Amino acid sequence: MRLRRQRPWRERGVAVITALLLTTLAISIVASLFWQQQVQVRSMENQRLHLQTKWILRGALDWATLVLFQDGVDHREYTSLDQVWATPLADTRLDQYVERERVEGETFDASLSGNITDACSRYNLRNLGLGKGQLSESQVEIFGRLLRNLQLDTGLARRIATFVAAGLPVVAGEENNEPTKQVQATPVIGAPVKILQVEDLLTVQGVTPAVVERLRPFVTVLPQTTPVNVNTAPAEVLAALVPNMSVSEANTLIVRRKQAAWRQMTYFASQVNSESRPLTEGSYDVKSDWFLVDTRIRLDRAALDAQALIHRSPALVAGGGPKVVWIRQY
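Structural notes, computed from the coordinates. Here the residue index of a chain counts from 1 through its sequence in written order. Local features in this predicted model are restricted to residues of pLDDT 70 or higher, and side-chain atom pairs are both shown and tallied only at a pLDDT of 80 or more, whereas totals for entire chains, interfaces and linings draw on every residue. Hydrogens and waters are ignored; side-chain quantities use all the structure's heavy atoms.

Bringing the packing of helix α2 (residues 137-149) against helix α3 (residues 156-166) into the picture now. Running from N to C, α2 and α3 cross one another at 130°; their axes reach a closest spacing of 9 Å. Considering their axes alone, α2 and α3 lie oblique with respect to each other. Here α2 runs over α3; the crossing is right-handed. Packed against α2, whose contacting residues are Glu137, Val140, Phe143, Gly144 and Leu147, the element α3 presents Leu156, Ala157, Arg158, Ile160 and Ala161 at the interface. Within the contact of α2 with α3, the residues separate by chemical class into seven nonpolar, one polar and two charged. To obtain an axis, a line is fitted to C-alpha atoms, over the contacting stretch when the element is a helix, and the angle between two such axes runs from 0 to 180 degrees between their N-to-C directions. By definition, any uninterrupted DSSP run of H or I lasting at least four residues is a helix, any uninterrupted run of E lasting at least two residues is a strand, and each is numbered from the N terminus. If an angle is under 35 degrees, it is roughly parallel; if it is over 145, roughly antiparallel; if it lies from 65 to 115, roughly perpendicular; otherwise it is oblique. Left-handed describes a crossing whose near helix is turned anticlockwise from the far helix through less than a right angle; right-handed describes the clockwise counterpart. In this analysis, two residues are considered to be in contact whenever any of their non-hydrogen atoms come within 4.5 Å of each other. Any residue that is not Ala, Val, Leu, Ile, Met, Phe, Trp, Tyr, Cys, Pro, Asp, Glu, Lys or Arg is counted as polar, Gly included; the first ten are nonpolar and the last four charged.

This next bit is on helix α8 (residues 265-272). Among the residues of α8, those classed as buried are Phe268, Ala269 and Val272. In a view along the axis of α8, the buried residues occupy a sector of 95°, so they form one face of it. Accessibility here uses a 1.4 Å probe with only protein chains present; expressed as a share of the type maximum, an area under 20% marks a residue as buried, one over 50% as exposed, and anything in between as partly exposed. Arc definition: directions from the helix axis to the C-beta atoms.

With respect to the secondary-structure elements, Asp71 resides in helix α1 (residues 2-74). Residue contacts for Asp71: discarding those within four places in its chain leaves Gln83, Val84, Trp85 and Arg312.

This part is about the pattern of salt bridges. Within this document, salt bridges are pairs made up of a side-chain nitrogen of Lys or Arg and a carboxyl oxygen of Asp or Glu, the two lying within 4 Å of each other. Evaluation of the coordinates by the stated rule reveals seven salt bridges. Asp305 is the salt-bridge partner of Arg298, the closest N and O atoms lying 3.0 Å from each other. For Asp305, a relative accessible area of 26% translates into the label partly exposed.

This part takes up the nonpolar core. Buried Ala, Val, Leu, Ile, Met, Phe, Trp, Tyr and Cys residues that are joined via side-chain atoms within 4.5 Å together make up what is termed a nonpolar core. Counting residues in hydrophobic clusters, the biggest one holds 52 residues, and the most contacted among them are Phe143 and Phe268. Residue assignment for this core shows that the elements contributing at least two residues are α2, α3, α5 (209-215), α6 (235-241), α7 (247-259) and α8. Broken down by element, the residue count for this core peaks at seven residues, all from α3. Not counting the four nearest positions on each side in its chain, Phe268 is found in contact with Val230, Leu238, Val242, Leu253, Trp262, Leu279 and Tyr284. If you look at the next biggest cluster of nonpolar residues, it comprises 22 residues, including Leu49, Ala64, Leu94 and Val293.

Next up on the list: the packing of aromatic side chains. The geometry of an aromatic ring pair is captured by two quantities: the separation of the ring centres and the angle between the planes. What counts as a ring pair is set by centres within 6.5 Å for rings of Phe, Tyr and Trp (its six-membered ring), and what kind of pair is set by the plane angle: stacked under 30 degrees, edge-to-face over 60, tilted for all other angles. According to the stated counting rule, one finds four aromatic pairs in the structure shown. When the centroid spacing of 5.6 Å and the interplanar angle of 20° are considered together, the rings of Tyr123 and Phe143 count as stacked. Of the two residues, Tyr123 sits in strand β3 (residues 123-124) while Phe143 sits in helix α2, which places them 20 residues apart along the sequence. Each of the two residues, Tyr123 as well as Phe143, counts as buried. Grouping aromatic residues by their ring pairs yields a cluster made of Trp262, Phe268 and Tyr284.

This brings us to the pairing of strand β10 (residues 290-299). Where a strand is regular, its side chains alternate between the two sheet faces. Taking burial as the measure, the ten residues of β10 include eight buried ones, the bulk of the element. Any two strands between which DSSP finds at least two bridges are classified as paired. Here strand β2 (residues 110-118) pairs with β10 via nine bridges, running antiparallel. Across the sheet, residue Ser111 finds its bridge partner in β10, namely Arg298. Relative to strand β11 (residues 302-313), β10 runs antiparallel, the two being bridged by ten bridges. Each residue of the ladder has a partner; that of Ile297, found in β11, is Leu304. In this antiparallel pair of consecutive strands, β10 and β11, the connection spans two residues, and Asp300 shows a positive phi of 55°.

Spelled out as structure tokens, the structure:
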């Protein structure tokens, strides 16, 4: 009789435990659904922010091409650092221009900054090769002087030139228009690699990441051979163009350049060209057609740093005007 009376109490205890387990399971399922929904919402927000940064970058490049186009119309004969394109864009707030649902108490940051750099102010590594393994001996000498000015091993000049020349499939001597001696480069072991950016120099023996970082502000890689713009070149590159010129003498030229830019090549040549300092024909100019646009975008949690190469061809040519050649995101 006692056992029969105790069974209902045990059954009630099992029912309570079962109800608690079911409640816990239901709460876990609901919490998991809420968590998945929150993840999806955050993922959609991130995609929207990323897409907005893309549109902001596109607008920034459109602005840069417009500035370069107008500057090309106003200054056709020369390119200098006192022109509008050389004015950097300070950190500009975009909060009022980007549509976004505001959350109470949330700090929303949207900013854009950037600058335009004359790509022809740097030494173009593409100048070292003439195609089909041919080296430009005069350009190798200029690059060697640049390495000396940067306190780097001048022996790297010929090794880097051999690497660049091996990756050039066509003869490009006509582009440079320089009556220079062609030298057959030493064959490169393995398949030739076309140089596309400064980091590709790491495949050359003796070139370390430290050497690349040292070279980065002074060299570039452009789709075709280009002369150095003496109106925008730094002292190290300017001194490399002129034989037997020191960096301190080049700094003196830069001070003189700030007072009045060289509007014609003859003005620059008259100040530095002499029997002891013969200039290489076609290695320098006073105007530029290639520009680098650096853009920094901050949009809430999203951040985008990009660099674009713009070619400013004459507007009078069919299909002319500034065009974006490539965009690299970091």
